[in-house]
Amino acid sequence: MKFASNGASETALEYRKGEFLISTDQARLDLTVIHGFLTNCYWSKGIPQDVVARALGHSLCFGIYDGAGAQVGFARVVSDYATVAYLGDVFVLESHRGRGLSKWLTECVMQHPALQNLRRWILLTRDAHGLYSQFGFTPVTAPERYMELHRPNVYDAT
């Protein structure tokens, strides 16, 4: 059986707004910045850098960069590019919050050509419901249908 390509464009997409750039170019990603944020946030506390690197390699990634080219935000999408997408690891560094960057980042993610006409988008958030509701996300309507295998301490050294 032959499969079509994964659907993600091999050509990086870029979006500009003022001094900021959002790019899907994997070569621009700053692993140190991304890992530094993720290893200290509530959803991936203690995540090893090699795990972050592997996750980036298997995701469609969106980086936000300031006028000097420094990475100041990030989001990644895991998808089959046909039916479903998971949006995760979305952040803007505290030093750059309050400028509308998270909303713009989410707009860019949702408008990506490879992510159109999907049946389902999934995300988890503790405190950004207001942001994502602007893009049509709602609480799960049938939580009894959802199951998970959650290992919150998987990154703890034992």
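Everything numeric here is computed off the predicted structure, so don't read it as measured data. (Residues numbered from 1 in each chain as written. Predicted model: local features only at pLDDT ≥ 70, side-chain atom pairs only at ≥ 80, totals over all residues. Heavy atoms only, no water.)

*Asks:* It is not clear to me how the sheet that holds strand β1 (residues 14-17) should be interpreted in this structure. Could you clarify?
*Replies:* Pairing between the strands of a sheet comes from backbone hydrogen bonds, and it takes one of two forms, parallel or antiparallel. One open sheet holds the six strands; their spatial order is β1-β2-β3-β4-β5-β6, and the pairing between them is mixed. For this open sheet the edge positions go to β1 and β6 (120-123), each flanked by a neighbour on one side alone. Taken pair by pair, the neighbouring strands of this sheet meet at an average axis angle of 20 degrees, ignoring direction. Bridge count between β1 and strand β2 (residues 20-23): four bridges; the pairing is antiparallel. Looking at β2, one finds that E14 is bridged to S23. (Pairing = 2+ DSSP bridges. Helix = DSSP H or I, 4+ residues; strand = E, 2+ residues; numbered from the N terminus. Axes fitted to C-alpha atoms, helices over the stretch in contact; angles between N-to-C directions.)

*Asks:* Looking at this structure, how should I read helix α1 (residues 31-38)?
*Replies:* Because the α-helix completes a turn every 3.6 residues, residues three or four places apart line up on one side. Every buried residue of α1 is accounted for by I34, H35, F37 and L38. Looking straight down α1, one finds that the buried residues subtend no more than 165 degrees of arc, so they occupy a single side. Those residues of α1 that are buried are in contact with α2 (49-57), β4 (71-79) and β5 (84-92). Between a side-chain oxygen at the N-terminus of α1 and the backbone nitrogen of T32 the separation is 3.0 Å; the capping residue is D30. (Buried < 20%, exposed > 50% of the residue type's maximum accessible area, 1.4 Å probe, protein only. Arc of directions from axis to C-beta. Contact = heavy atoms within 4.5 Å. Polar contact = N/O pair within 3.5 Å; in protein donor to acceptor, adjacent residues only side chain to side chain.)

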